[in-house]
Amino acid sequence: MWRAARRLSGTRTARRCSNNTSVFSTTVPSQPNLPETKPSARLQEEKRRRKRDREKLVLSSPHTNAEDDKVNWSEKQKIVYNAHTPPGTKKDTSLPFPPSYSPEYVESSWYQWWEKEKFFSPEQHEQLAHGEERTFSLCIPPPNVTGTLHLGHALTVAVQDALVRWRRMQGYRVLWVPGCDHAGIATQTVVEKKLLREKGKRRQDFTREEFLQEVWKWKNEKGDEIYQQLRMLGSSLDWSRACFTMDPGFSRAVTAAFVRLCDSGLIYRSEALVNWSCALQSTISDIEVDSVEVPGPTALSVPGYEDKVEFGSMLTFAYPVEDHDSEVGVSTTRPETMLGDVAVAVHPDDPRYQALRGKHCRHPFTNRLLPIITDPVVDMKLGTGAVKVTPAHDHTDFLLSLRHSLPRISVIGEDGTMMSSCGQWLEGVKRFDARQMIVDALVEKKLFRGKQNHAMAVPVCSRSGDIIEPLLKKQWFVRCDTMAKKAVQAVEDGHLEIIPQHFTKTWRNWMSNISDWCISRQLWWGHQIPAYQVQLSGSSSSAEEQWVWGQSEDEARQRAAVKYGVKPEEITLRQDPDVLDTW
């Protein structure tokens, strides 16, 4: 800290703080510290940076005048505990206290002694004269290994620390478990950016093993720093039980759980629409998608685009009806997906389209015939009352395709560019650049019918800020319907209480509209899925996918041999390269 002293009478002059001598040392003693409690150079530099920022803030205050610029600053006197105390020994409390409070003095030496004496271990309970046969146990919410702790962590840790210390005082057997979360997407993204910045290399320039070594280096650095911060907070954690979500024991537990859930039918593999982040090149879960409401035309920043992209407009274009002197106008907020249209849907009660039921439209770019189908899901009052059906890029359209046995044509790839199925004129073009090209082409063909403002919700990836692209992919899913019903029933029967009670309705609504959970992630950092694709000797590589799972490759091979009635040596296995979304 820095202090400026001014005289309150006479002229406003500044003087240096008094450097009176003290019976307490003003420098940090040069004695050895325990390795785990030694402040890192990174933390010290961060403290110095913050101090400089505070000085600039004070000097730039609008309440200062010209004379304030002449203030001479001096560092506040540091009072530290200077008695010889070998690390891990009890602090000498018989010395006189300093004249003013000093955190450095008060906090010095205590934590090393607490750790050495194992005061935070539940085994210490046996030595308590007032001990009770009651247990209090909890885990610290594991901070992500992607960075250092912030004020939110400090608040949570302070509350938990108060609780566990209170229970120890009451004689409980107490366990507070520390740990870190591997934070798959966030950590891999940070390390990828670091490698690109420092080495000019992308993840794909490394083998999977080489890249994981780089991530482990990052984890060891950041994890040690996080644990040091928790010690500096005085957190009474049992460090002998510190956990990391990628530790071998956790990996074995995740593998065992996956195998058990697959065997019970709760985990299955299927082709379905997923939330795809083109920036991350991975699927993300529903709760990692933010819904950004836009009232009308709004320009948003999208990763990979120099200029902002406009959202909040409804565009209308026409599909000519085959063998009929008419057209069907369809309205969409995503004209770039029209190359994947396979049908036009109208409401069965809409009088405007009764004469067109069962007829077909001709696609102006692909020349495909698109059947005109009827379905009550169509909103007659929205746009023209007719909607384009793109099952491979829209969740509602995907369900329509299941009900009406429609094909599903993908036109946008994992990298967010248009695929070869769109034709050479669009192949490789970024999706939002293709949007304007398609509109221009519709204008040229005299099929464009207008544009109007439209309030809408834009799905945004909370991890990358990218606009979510629904893609059709084969992934692993967890069946949630039965479990959700049990969760709702548990609240209704009183076995589970929601506090505050008015959130019970939110709980019921959320559980009643839940969809199956996609647990596949296209990452390298995480728990690799313990499922193996089976290739039998003599079978065609184009045959339908065949999968087995097991807690090891040998177990999976034995399962495959039994399942397909062949010898183990006739089986070739390839483990799924994806990792699991573990929560």
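Residues numbered from 1 in each chain as written. Predicted model: local features only at pLDDT ≥ 70, side-chain atom pairs only at ≥ 80, totals over all residues. Heavy atoms only, no water.

- An unreviewed UniProt entry annotates the protein as Valine--tRNA ligase, mitochondrial originating from Nothobranchius korthausae.
- The UniProt entry for the protein carries the following comment under Sequence similarities (unreviewed entry): "Belongs to the class-I aminoacyl-tRNA synthetase family."
- The UniProt entry for the protein carries the following text under Subcellular location (unreviewed entry): "Mitochondrion". (UniProt positions renumbered as here; feature names shortened; annotations may be inferred.)

Overview of a nonpolar patch on the surface
For step 1, the next point in the chain: Taken together, the side chains of Leu155, Val159, Leu163 and Trp166 present a nonpolar region at the surface, about 380 Å² in accessible area.
For step 2, the next point in the chain: Given the relative accessible area of 57%, Leu155 is considered exposed. (Patch = residues over 30% accessible without salt bridge, like charges linked within 9 Å, V, L, I, M, F, W, Y side chains within 5 Å. Areas by Shrake-Rupley, 256 points an atom, 1.4 Å probe, with all protein chains shown as cover. Salt bridge = Lys/Arg side-chain N within 4 Å of Asp/Glu carboxyl O. Buried < 20%, exposed > 50% of the residue type's maximum accessible area, 1.4 Å probe, protein only.)

Let's talk about the side chain of Thr417
For step 1, the next point in the chain: Mapped onto the secondary structure, Thr417 falls in the loop between α8 (395-404) and α9 (431-444).
For step 2, the next point in the chain: When near neighbours in sequence (up to four residues on either side) are disregarded, Thr417 contacts Val411, Ile412, Gly428, Val429, Lys430 and Arg431. (Helix = DSSP H or I, 4+ residues; strand = E, 2+ residues; numbered from the N terminus. Contact = heavy atoms within 4.5 Å.)

Here's the deal with the confidence of the model for the protein
For step 1, the next point in the chain: Predicted confidence across the protein gives a mean pLDDT of 88, with 90% of residues reaching 70 or more.
For step 2, the next point in the chain: Residue range residues 1-38 is modelled with pLDDT below 50. Its contacts to residues more than four positions away, or to other chains, number 69 contacts. (pLDDT = per-residue confidence, 0-100.)

Some remarks on the domain arrangement of the protein
For step 1, the next point in the chain: Partitioning the protein into domains gives domain 1 (78-117), domain 2 (119-245) and domain 3 (313-447).
For step 2, the next point in the chain: Inter-centroid distance (C-alpha atoms) of domain 2 to domain 3 is 51 Å. (Domains from an automatic or database assignment.)

Overview of the packing of helix α10 (residues 481-492) against helix α11 (residues 504-512)
For step 1, the next point in the chain: Put simply, α10 and α11 touch, their axes get as near as 9 Å, and they point 160 degrees apart. Relative to α11, α10 is oriented roughly antiparallel. When the axes of α10 and α11 are compared, the crossing they make is left-handed. Facing α10, whose interface residues are Ala484, Ala487, Val488, Val491 and Glu492, α11 presents Thr504, Trp507, Arg508 and Met511. (Axes fitted to C-alpha atoms, helices over the stretch in contact; angles between N-to-C directions. Parallel < 35°, antiparallel > 145°, perpendicular 65-115°, else oblique. Left-handed = near helix turned anticlockwise from the far one by under 90°.)

What about the packing of aromatic side chains?
For step 1, the next point in the chain: Per the counting criterion, the structure on display carries 19 aromatic pairs.
For step 2, the next point in the chain: Arranged with centres 5.2 Å apart and planes meeting at 85 degrees, the rings of Trp216 and Trp525 form a pair that is edge-to-face. Here the residue Trp216 occupies a position in helix α6 (residues 208-232), and Trp525 occupies one in the loop between β24 (520-521) and β25 (531-536), the gap between them amounting to 309 residues.
For step 3, the next point in the chain: The buried category is assigned to Trp525, whose relative accessible area is 1%.
For step 4, the next point in the chain: Both rings, one in Tyr305 and one in Phe432, keep their centres 5.6 Å apart while their planes meet at 55 degrees; by these two values the pair is tilted. (Phe/Tyr/Trp six-rings, centres within 6.5 Å; stacked < 30°, edge-to-face > 60°.)

Let's talk about the pattern of salt bridges
For step 1, the next point in the chain: As enumerated under the stated definition, the model contains 34 salt bridges in all.
For step 2, the next point in the chain: Of the charged contacts, one joins Glu45 and Arg52 as a salt bridge, the two residues approaching to 3.5 Å between their closest N and O atoms.
For step 3, the next point in the chain: On the basis of relative accessible area, Glu45 is assigned to the partly exposed category, the value being 36%.
For step 4, the next point in the chain: Taking the shortest distance from any N to any O, the salt bridge between Lys451 and Glu310 comes out at 3.0 Å. You can see Lys451 sitting in strand β20 (residues 448-453) and its partner Glu310 sitting in strand β13 (residues 309-311), a full 141 residues away along the chain.
For step 5, the next point in the chain: You can call Lys451 exposed: its relative accessible area is 52%.
For step 6, the next point in the chain: One salt-bridge network, held together by shared partners, links Arg334, Glu336, Arg431, Arg435, Asp466 and Glu469.

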